[in-house]
Amino acid sequence: MVKKNACIFISGTGTNLKSIIRNSRDYNFPINVNLVISNKRNATGICFAKKFSIPHLILDVNKKKFEIIARKELHKRKINLICLAGFMSILSKNFIRNFNGQIINIHPSLLPKYKGLNTFKRVLDAKEKITGCTVHFVDEKLDNGRAILKKRVWVKKNDNAKKLKQKVQTEEYKAYSEAIRKVYNFS
Ligand code: GRF
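So, here is what we can say about the structure in this document. (Residues numbered from 1 in each chain as written. Predicted model: local features only at pLDDT ≥ 70, side-chain atom pairs only at ≥ 80, totals over all residues. Heavy atoms only, no water.)

Focus on the overall build of the chain
Then comes step 1: The secondary structure content of the chain amounts to six helices and seven strands.
Then comes step 2: Listing each helix as α and each strand as β along the chain from the N terminus yields β-α-β-α-β-α-β-α-β-α-β-β-α.
Then comes step 3: The globule rule puts the C-alpha radius of gyration for 187 residues at 16 Å, and the 16 Å found for the chain is close to it.
Then comes step 4: For the chain, the C-alpha atoms occupy an extent of roughly 50 × 35 × 30 Å along the three principal directions.
Then comes step 5: Counting across all 187 residues of the chain, residues that qualify as buried make up 47%. (Helix = DSSP H or I, 4+ residues; strand = E, 2+ residues; numbered from the N terminus. Rg over C-alpha atoms; globule rule 2.2 N^0.38 Å. Buried < 20%, exposed > 50% of the residue type's maximum accessible area, 1.4 Å probe, protein only.)

See the structure below:
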């Protein structure tokens, strides 16, 4: 099997990155992680790229420069898939068009509900009984593209934002890799 080349964009702790890298080590997983790009100098998730000897770039520059350099690197490394994993910047329309259908994201809610930030607090304030996460294609609108896969989590009475985040993130680690398999029609 010829694996596709993937790049993961991060800004923070990179726990989704870690789980994608782990799964990508499986011979039957459809992608290799060939590159990790962080737009934040202090993103601790970079340690996972280092640990697994994956090339990484820290592009803590303005969006325009970020996209020029990233685009060059992505083309050079023949990247087929960009996975946004806690990437806290909105890519330009131009960039998204350039990688049409090749960028996916994970969001900690059952989209289209709770787009944007502070999802856990908003879910709790609204007294939702169920929440979860969504892996979706990225289009030009925020947290909007076609959903690939969703995972649900029960919200318990005594959950706080921290507890809920833990529960949702546990599902995220499974969801992201399942979604990547789904994108390439792997069972
Ligand atoms: C995840 O909860 C993801 O849904 C959101 O940002 C968080 C990233 O966490 N987009 P990590 O950097 O993967 O640890």
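Quick look at the state of the cysteines
Then comes step 1: Counted by the stated rule, this structure contains zero disulfides.
Then comes step 2: No disulfide involves C47; its sulfur sits 16 Å from that of C7, the nearest cysteine.
Then comes step 3: For C47, a relative accessible area of 39% gives the class partly exposed.
Then comes step 4: The closest cysteine sulfur to the non-disulfide-bonded C133 is located on C83, 14 Å from its own sulfur.
Then comes step 5: Of the residues examined, C133 reaches a relative accessible area of 0% and is grouped as buried. (Disulfide = S-S within 2.5 Å.)

Quick notes on the sheet that holds strand β3 (residues 56-58)
Then comes step 1: The strand order across the open sheet formed by seven strands is β3-β2-β1-β4-β5-β6-β7, and the pairing between neighbours is mixed. Edge positions in the sheet fall to β3 and β7 (147-154), since each has one partner strand and no second. In this sheet, adjacent strand axes meet at a mean angle of 20 degrees when their direction is disregarded.
Then comes step 2: In terms of strand pairing, strand β1 (residues 4-10) meets strand β2 (residues 31-38) through seven bridges, oriented parallel. The residue bridging I10 from the neighbouring strand is S38, located in β2. (Pairing = 2+ DSSP bridges. Axes fitted to C-alpha atoms, helices over the stretch in contact; angles between N-to-C directions.)

Some thoughts on the site of the ligand
Then comes step 1: Near the ligand you find T13, G14, T15, N16, G86, I106, H107, P108, Q169 and E172, and these make up its full shell.
Then comes step 2: Between the ligand and T13, the relevant distance is 2.5 Å, taken from an oxygen atom to a side-chain nitrogen or oxygen of the residue.
Then comes step 3: Q169 places a polar side-chain atom, nitrogen or oxygen, 3.0 Å from an oxygen atom of the ligand.
Then comes step 4: Contributions of two or more residues to the shell around the ligand are made by α1 (15-24), β5 (103-107) and α6 (161-183).
Then comes step 5: A breakdown of the residues in the shell around the ligand according to their chemical character gives two nonpolar, seven polar and one charged. (Near = heavy atom within 4 Å. Polar contact = N/O pair within 3.5 Å; in protein donor to acceptor, adjacent residues only side chain to side chain. Nonpolar A, V, L, I, M, F, W, Y, C, P; charged D, E, K, R; others polar.)

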